[in-house]
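# Chains, contacts and geometry: an overview
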Amino acid sequence: MQFSGHSKRLILLAEDDIDDQELLENAFSEIDPTWQLVCIPNGRKFIKYLESIEDKELPALMILDYNIPELTGVEIVEELNDQSRYLGIPKIIWSTSSSPVFKARSIELGVVDYITKPSDLASFLTIAKYMLSFVKES
């Protein structure tokens, strides 16, 4: 799996909860250890990181916590939507909230899905596989 013109094995995660970071990282690693998950704990730093890398280093997938400090996942998507450089990268919002309003707003902005964070360890593997299904093969 790879996304043409982007880093083949990079997933960027905007997440401030260490447990969720580790659980998702372990799930991706179990599916395919060549995936690299870079975790950034706040929205502002997430944007700065993206702005600091070259086009060829852009991730194959972005996973954004809905309630992350400084910029929410939705605010990050709003900023990224203004720049054509990021439009082809699949973005997923995930949250502890199953709010239909949050989901509708996220989908309206063009994310590929809004996922409610699992409450059990086994579900992380299933969700990680599902997330990877959005990575385009070239």
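By the naming in an unreviewed UniProt entry, the chain is CheY chemotaxis protein or a CheY-like REC (Receiver) domain, taken from Chitinophaga sancti.

## What to know about the side chain of Glu15
As for its placement among the helices and strands, Glu15 is situated in the loop between strand S1 (10-14) and helix H1 (18-31). Residue classification places Glu15 among the buried positions, given a relative accessible area of 0%. When neighbours within four sequence positions are excluded, Glu15 is seen to be in contact with Asp20, Gln21, Ile40, Pro41, Asp65, Ile68, Trp94 and Lys117.

## So, the UniProt feature "domain: Response regulatory" (unreviewed entry) in the chain
As annotated in UniProt, the feature "domain: Response regulatory" (unreviewed entry) corresponds to residues 10-132 in the numbering used here. Counted over residues 10-132, helix gives 44% and strand 20%. Its end C-alpha atoms are 11 Å apart.

## A short note on the packing of H1 against helix H5 (residues 121-132)
It is the contact of H1 with H5, at a shortest axis distance of 9 Å, that shows an interaxial angle of 65°. The two elements H1 and H5 cross, and the hand of that crossing is right-handed. Across from Asp20, Leu23, Leu24, Ala27, Phe28, Glu30 and Ile31 in H1, the residues of H5 making contact are Leu121, Phe124, Leu125, Ala128, Lys129, Met131 and Leu132.

## Observations regarding a negative patch on the surface
A contiguous patch of negative charge, built from Asp16, Asp17, Asp19, Glu22 and Glu25, is present on the exposed surface. Its location among the elements puts Asp16 in the loop between S1 and H1. For Asp16, a relative accessible area of 35% puts it in the partly exposed group.

## Some words on the packing of aromatic side chains
Scanning the entire structure with this criterion turns up four aromatic pairs. Seen from their ring centres, Tyr66 and Tyr114 are 6.2 Å apart, and the 70° between their planes marks the pair as edge-to-face. Of this pair, Tyr66 sits in the loop between strand S3 (61-65) and helix H3 (73-81) while Tyr114 is found in strand S5 (residues 113-116), placing the two residues 48 residues apart along the sequence. Tyr114 carries the same exposure label as Tyr66, and that label is buried. Aromatic ring contacts, followed pair by pair, group Tyr66, Phe102 and Tyr114 into a single cluster. One residue, Arg9, lies across the ring of Trp35, its end atom 4.4 Å from the ring centre. Lys117 extends its terminal NZ or CZ atom over the ring of Trp94, reaching a point 5.1 Å from the ring centre.

Here is what the cut-offs are and how they apply
- Residues take numbers from 1 onward in each chain, read along the sequence in its written order.
- Reporting of local features is limited, given that this is a predicted model, to residues whose pLDDT is at least 70; pairs of side-chain atoms are given and counted only at 80 or more, and all residues count toward the totals for whole chains, interfaces and linings.
- Computation of side-chain values: all heavy atoms of the structure, hydrogens and water removed.
- Secondary structure elements follow DSSP: runs of H or I no shorter than four residues count as helices, runs of E no shorter than two count as strands, and numbering proceeds from the N terminus.
- Partly exposed describes any residue whose relative accessible area lies between the buried limit of under 20% and the exposed limit of over 50%, with all areas from a 1.4 Å probe on protein chains only and scaled to the type maximum.
- Working rule for contacts: check all heavy atoms of both residues, and any pair within 4.5 Å makes them a contact.
- UniProt positions are given in the numbering used here, feature names are shortened, and annotations may be inferred rather than shown by experiment.
- A fitted line through C-alpha atoms serves as each axis, taken over the contacting stretch for helices, and the angle formed by two N-to-C directions is quoted from 0 to 180°.
- Crossings are assigned a handedness: left-handed for a near helix turned anticlockwise from the far helix by less than a right angle, right-handed for a clockwise turn.
- Every patch collects residues that have over 30% relative accessible area and no salt bridge, joining them within 9 Å if they carry like charges and within 5 Å if they are nonpolar side chains (Val, Leu, Ile, Met, Phe, Trp, Tyr).
- Computed by Shrake-Rupley with a 1.4 Å probe, the accessible areas treat only the displayed protein chains as cover when residues are assessed.
- In what follows, salt bridge is the name for a side-chain nitrogen of Lys or Arg lying within 4 Å of a carboxyl oxygen of Asp or Glu.
- Charged residues are defined narrowly, with Lys and Arg counted positive, Asp and Glu counted negative, and His plus the chain ends left uncounted.
- To locate a charge, take NZ of a lysine, CZ of an arginine, CG of an aspartate or CD of a glutamate.
- Stacked, tilted and edge-to-face are the three classes assigned to paired rings of Phe, Tyr and Trp, where Trp is represented by its six-membered ring and a pair needs centres within 6.5 Å; plane angles under 30 degrees give stacked, over 60 edge-to-face, the rest tilted.
- Only when the NZ of Lys or the CZ of Arg is both within 6 Å of the ring centre and within 35 degrees of the ring normal is a charge said to sit over the ring.

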